[in-house]
Amino acid sequence: MPLHKTIQYNPNTKILIWKITESFDALFSEVLLKEKTLTRLQGMKSETHQRAFLSVRKLLQETGHNDLQLHYDDYGKPALDNENHISITHSFDFSAIILSDKNVGIDIEQRREKIIRIADKFVDDSEFLFLNKENQQDYISKLTVIWGIKEAVFKIRNEKGISFKDHIFVAPFEMADLKAEALLTFENLNVKFEISFEEIENYTLVYAFEK
Ligand SMILES: CC(C)(COP(=O)(O)OP(=O)(O)OC[C@H]1O[C@@H](n2cnc3c(N)ncnc32)[C@H](O)[C@@H]1OP(=O)(O)O)[C@@H](O)C(=O)NCCC(=O)NCCS
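Per chain, the residues get numbers from 1 upward, laid out in the order the sequence is written. pLDDT decides what is reported in this predicted model: residues at 70 or higher carry local features, side-chain atom pairs at 80 or more are listed and counted, and totals for whole chains, interfaces and linings draw on all residues regardless. No hydrogens and no water enter the side-chain calculation; it runs on all heavy atoms of the structure.

Per an unreviewed UniProt entry, the protein is named 4'-phosphopantetheinyl transferase superfamily protein, and its organism is Flavobacterium macacae.

If you want it as structure tokens, here you go:
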């Protein structure tokens, strides 16, 4: 399937989501890749990862950009040649990009029961207060949103030493809100983030903006 969904969040911010059903060859034949990208692609161990990586280039082409304009800093944060910010995510069957005039972060995660087992590693006590473990479906949904928020915030700030549990805090929210707020408290920083999220099939998409 090609482009799954486009969200025009505001006049200067667009989210594009790809459902990855094509073969490696089909995707590969439709994208223009620079030498450095080809080398990276060839070094990937799984075809699932390669297809996701190629689907991101398809998304980029949907926006009128291409791989030649996409660069990475030493930490792996992507940037475009022009003034737009970009953030990238992929998880099994889906990939997504967000393009904005603001610094943004995006994350897509598959909702899985196993997130319950690692909750202690990324959820702070203040967040456990608004989570209800008894309602397992809601618990998994909210844990996945919290995880996605922390990944998205991390992708915006891209600073060494940030801990999901100790430095990024999510304010109480309900799944129906489709919005949330988060705070990054790290060294001398105190930064608020505005969050949007939604569920797409068995995946959760989250994107964040610095306030
Ligand atoms: C880098 C990181 C954010 C990637 O997230 P992920 O969920 O593994 O993978 P995603 O598919 O959502 O995102 C991958 C994309 O993020 C982008 N990315 C990688 N490093 C990045 C960084 N430092 N800053 C911003 N974006 C980054 C890249 O575009 C990458 O895709 P690409 O290389 O194919 O273009 C994540 O692996 C990470 O390091 N997180 C912080 C560490 C941490 O605290 N983890 C858990 C603690 S309990």
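Undergrad: Any chance you could explain helix 3 (residues 47–62) here in plain terms?
TA: Given 3.6 residues per turn, any residue in an α-helix points the same way as the ones three and four places further on. Taking 1.5 Å as the rise per residue, helix 3 with 16 residues should run 22 Å; its terminal C-alpha atoms sit 22 Å apart, in good agreement. Taken as a whole, helix 3 has its buried residues at Gln50, Arg51, Ala52, Phe53, Leu54, Ser55, Val56, Arg57, Lys58, Leu59 and Leu60. The secondary structure listing takes helices from DSSP runs of H or I that are at least 4 residues long and strands from runs of E that are at least 2 residues long, numbered from the N terminus. Immediately beyond the C-terminal end of helix 3, within one or two residues, lies glycine 64, with a positive phi of roughly 85°. Residue count minus one, scaled by 1.5 Å, sets the expected span of a helix. In this scheme, a residue with accessible area under 20% of its type's maximum is buried, one over 50% is exposed, and one in between is partly exposed, where area comes from a 1.4 Å probe on protein chains only.

Undergrad: Help me understand the domain arrangement of the protein in this model?
TA: By a widely used convention, the size of an interface equals the accessible area lost when the partners come together. Reported domain spans reflect what an automatic or database domain assignment gives. Taken domain by domain, the protein comprises domain 1 (3–102) and domain 2 (107–210). The straight-line distance from the C-alpha centre of domain 1 to that of domain 2 is 23 Å. It only takes one pair of heavy atoms within 4.5 Å for two residues to be counted as in contact. Taken residue by residue, the interface counts 23 residues in domain 1 and 19 residues in domain 2. What counts as buried area is the accessible surface, traced by a 1.4 Å probe, that two parts surrender upon association, with contributions from both included. Carbon and sulfur atoms make up 58% of the surface buried where domain 1 meets domain 2, a total of about 1,700 Å² over both sides. We count a salt bridge whenever a side-chain nitrogen from Lys or Arg sits within 4 Å of a carboxyl oxygen from Asp or Glu. Between domain 1 and domain 2 we count two salt bridges in total.

Undergrad: Would you explain the nonpolar core in this entry?
TA: In summary, soluble globular proteins display a tendency toward joint burial of nonpolar side chains. Residues enter a nonpolar core if they are buried and are Ala, Val, Leu, Ile, Met, Phe, Trp, Tyr or Cys, with the set joined through side-chain atoms within 4.5 Å. One finds Leu131, Leu143, Ile149, Val153, Phe173, Phe193 and Ile195 to be the most contacted residues of the largest nonpolar core, which totals 32 residues. Counting residues per element, the ones that place at least two in this core are helix 4 (115–122), helix 6 (136–157), strand 8 (168–170), strand 9 (179–186), strand 10 (189–200) and strand 11 (203–210). Broken down by element, this core gets its largest block of residues, nine residues, from helix 6. With residues near it in sequence (within four places) discarded, isoleucine 195 still touches Ile149, Val153, Leu178, Lys179, Ala180, Glu181, Ala182, Val206, Tyr207 and Ala208. Within the second largest apolar cluster, 22 residues are counted, among which are Leu27, Leu38, Met44 and Val56.

Undergrad: For this particular structure, what's the right way to read the sheet that holds strand 6 (residues 94–100)?
TA: Through backbone hydrogen bonds, the strands of a sheet pair up, either in parallel or in antiparallel fashion. Strand order in this open sheet of four strands is 1-2-6-5, and the pairing throughout is antiparallel. Because the sheet does not close on itself, it has two edges, and the strands there are strand 1 (3–10) and strand 5 (85–91). On average, each strand axis in the sheet is inclined to that of its neighbour by 10°, with strand direction left out of account. The pairing of strand 2 (residues 13–19) with strand 6 spans seven bridges and is antiparallel. Across the sheet, lysine 14 pairs through a bridge with leucine 99, a residue of strand 6. Working convention: axes come from line fits to C-alpha atoms, limited for helices to the stretch in contact. Angles between N-to-C directions cover 0 to 180 degrees. Running over the sheet, helix 3 touches strand 1, strand 2, strand 5 and strand 6 and is turned about 35° from strand 6. Here, strands pair whenever DSSP counts at least two bridges between them.

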